[in-house]
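# A look at the structure
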Amino acid sequence: MLYHFYGWEQTGGIHPVTDQSPSVHSPRDLYDLLSRLWCADTCAPRLRQDWTPENKTLGQCSITAFLAQDIFGGKVYGILRPGGNYHCYNVVDGCCFDLTSEQFGDEANELVYEGNPEQFREVHFAKEEKRLRYEQLKRMLEEASARPK
């Protein structure tokens, strides 16, 4: 299958470090599951009015990156965006991937995935709405990954 998120080609060798999502064996599996779960309720409130099923990754970056970290380990980094917000992505064993890069359309080609600061959940989840969206998406993922396909 052809994916469009940044770094998808190199994710085949990344495997879970936990068994919290039994049907997730790679970041591609995680993307497949999340593609059915991302919704306006899990989108960042400031972007929610622009969220559509066609742009399902919009406003999902930090909660998705920290979920991926829960499953695969590694670190979360952030690209500083206009307006002072960070766009989060993952690096695991030297492999960089961004499950939500599609939200930027053609602009995704301009994102620089090197030299960015590490991001920490304690900082991101200090915003209660973000922590609650993360917990909601995590619950949804756990339920979906426990169900047979």
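My aim in this report is to walk through the structure given alongside it, one point at a time. Computed from a prediction, not measured in an experiment: that's the story for all the values here.

### Notes on helix 1 (residues 27-37)
Along helix 1, the positions that sit buried rather than exposed are Pro27, Leu30, Tyr31, Leu33, Leu34 and Leu37. At its buried positions, helix 1 is contacted by helix 2 (61-72), strand 3 (95-97) and helix 4 (128-146).

### What about the packing of aromatic side chains?
Going through the model one piece at a time under the given rule, you end up with ten aromatic pairs. On the numbers, 5.8 Å between centres and 85° between planes, the contact of Tyr3 with Tyr31 is edge-to-face. With Tyr3 in the segment before helix 1 and Tyr31 in helix 1, this pair connects stretches of sequence that are 28 residues apart. The buried category is assigned to Tyr3, whose relative accessible area is 7%. When its relative accessible area of 8% is taken as the criterion, Tyr31 is described as buried. Ring plane angle 35° and centroid distance 5.1 Å describe the contact between Phe5 and Tyr31, whose orientation is recorded as tilted. Residue Phe5 is located in the segment before helix 1, and its partner Tyr31 is located in helix 1; the two are separated by 26 residues in the primary sequence. Taking the relative accessible area as the measure of exposure, Phe5 reaches 1% and is therefore buried. Connected via pairs of aromatic rings, a cluster forms that spans Tyr3, Phe5, Trp8, Tyr31 and Trp38.

Parameters and conventions
- Residues numbered from 1 in each chain as written.
- Predicted model: local features only at pLDDT ≥ 70, side-chain atom pairs only at ≥ 80, totals over all residues.
- Heavy atoms only, no water.
- Buried < 20%, exposed > 50% of the residue type's maximum accessible area, 1.4 Å probe, protein only.
- Helix = DSSP H or I, 4+ residues; strand = E, 2+ residues; numbered from the N terminus.
- Contact = heavy atoms within 4.5 Å.
- Phe/Tyr/Trp six-rings, centres within 6.5 Å; stacked < 30°, edge-to-face > 60°.

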